[in-house]
Structures are given as C-alpha cells and as structure tokens.
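# Structural description and commentary
Residue-level listing of the chains:
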Amino acid sequence: MLLPLLAAITPLLWVYSAAAPQNATVTVSLKGGASFQGVSVPTSNMEQFLGIPFAQPPVGDLRFKAPVLITSFAKGVHDASQFGNACPQPGSAAGLGAPVGEDCLVLNIFRPPGTQADAKLPIVFWIYVSEFYLR
C-alpha cells in the first residue's frame, strides 16, 4: 500500500525540487588579487557576500582594544557564503541567524543582482559599538 503512494509522490517531489530556485555563486574581485565568492539568492532578488572580516579577531592581546583593521587579503578566492559570528551580547542570541563568538568583526554585504563595479548605488550599513567603547 505504501509503495504505490511513494511511486506517485516521488515524481512530484523531483519536479518541485528541480523547479525550486537554486542559489548560484557570484564572485567579486578586489585590487591585489583577492576575491570573495558569495551567493545570488533568487527568492530575495539579492546577491550577498557574508562574513567578510574587516578587522583582526578581537581575541587574546586584542581583546578590549580598538579594532585592528585588515588592509589587505591573501590572494585567492575567499568563501563569503555564510554569516560570520554575531558579537556576544546581553540577552538571548537566539534568532540572530548566526553563531555567536568573539571573532565577530565582519561585514555582510547585500546588493541587487548583476551590479557592475562602477555602479553608484546608495549604501546602508550597520556598525555595532561595544558598550565598552561608549564609556
């Protein structure tokens, strides 16, 4: 009884998964030879480059110090398809959509698909400031 049902459903599941939009990779190249490979997400009509570090991890000797900016990246392709860590913060970190950790000085960049390097688009960015720096 179960086999005929599975035989009827299996082609439908294949058609659904084949028709579902798939995330394609998209790459941007920086001066100096480094590239970041992000993803194009059809359901949100955006290209996203996630977890790109902008400063050295604030751990060890760098803990509770001003961020040390990254001025160049190693040549080659860097994965930018997953969110980096969210910074530790009071309260529940549930629902942030990212793991929580001290190595959290990263950018998540979103842009319209097919954006050219010389496009003059407006930008929005969010920077978190530790309460430590506000005192």
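All values derive from a computational prediction rather than experimental measurement.

## Quick word on the pattern of salt bridges
What the rule picks out here adds up to two salt bridges. Note that Glu47 is salt-bridged to Arg111, the shortest N-O span being 2.6 Å. Of this pair, Glu47 sits in strand β3 (residues 46-53) while Arg111 sits in strand β5 (residues 106-111); the two residues are 64 residues apart in sequence, bridging distant segments of the chain. We note that Glu47, like Arg111, is buried. Ionic pairing is found between Arg63 and Glu102, a salt bridge with its closest N-O pair at 2.7 Å. Taken together, the positions of Arg63 in the loop between β3 and β4 (76-79) and Glu102 in the loop between β4 and β5 put the pair 39 residues apart, joining distant regions of the chain. You can call Arg63 partly exposed: its relative accessible area is 35%. Its relative accessible area of 36% is what places Glu102 among the partly exposed residues.

Analysis parameters
Residues numbered from 1 in each chain as written. Predicted model: local features only at pLDDT ≥ 70, side-chain atom pairs only at ≥ 80, totals over all residues. Heavy atoms only, no water. Salt bridge = Lys/Arg side-chain N within 4 Å of Asp/Glu carboxyl O. Helix = DSSP H or I, 4+ residues; strand = E, 2+ residues; numbered from the N terminus. Buried < 20%, exposed > 50% of the residue type's maximum accessible area, 1.4 Å probe, protein only.

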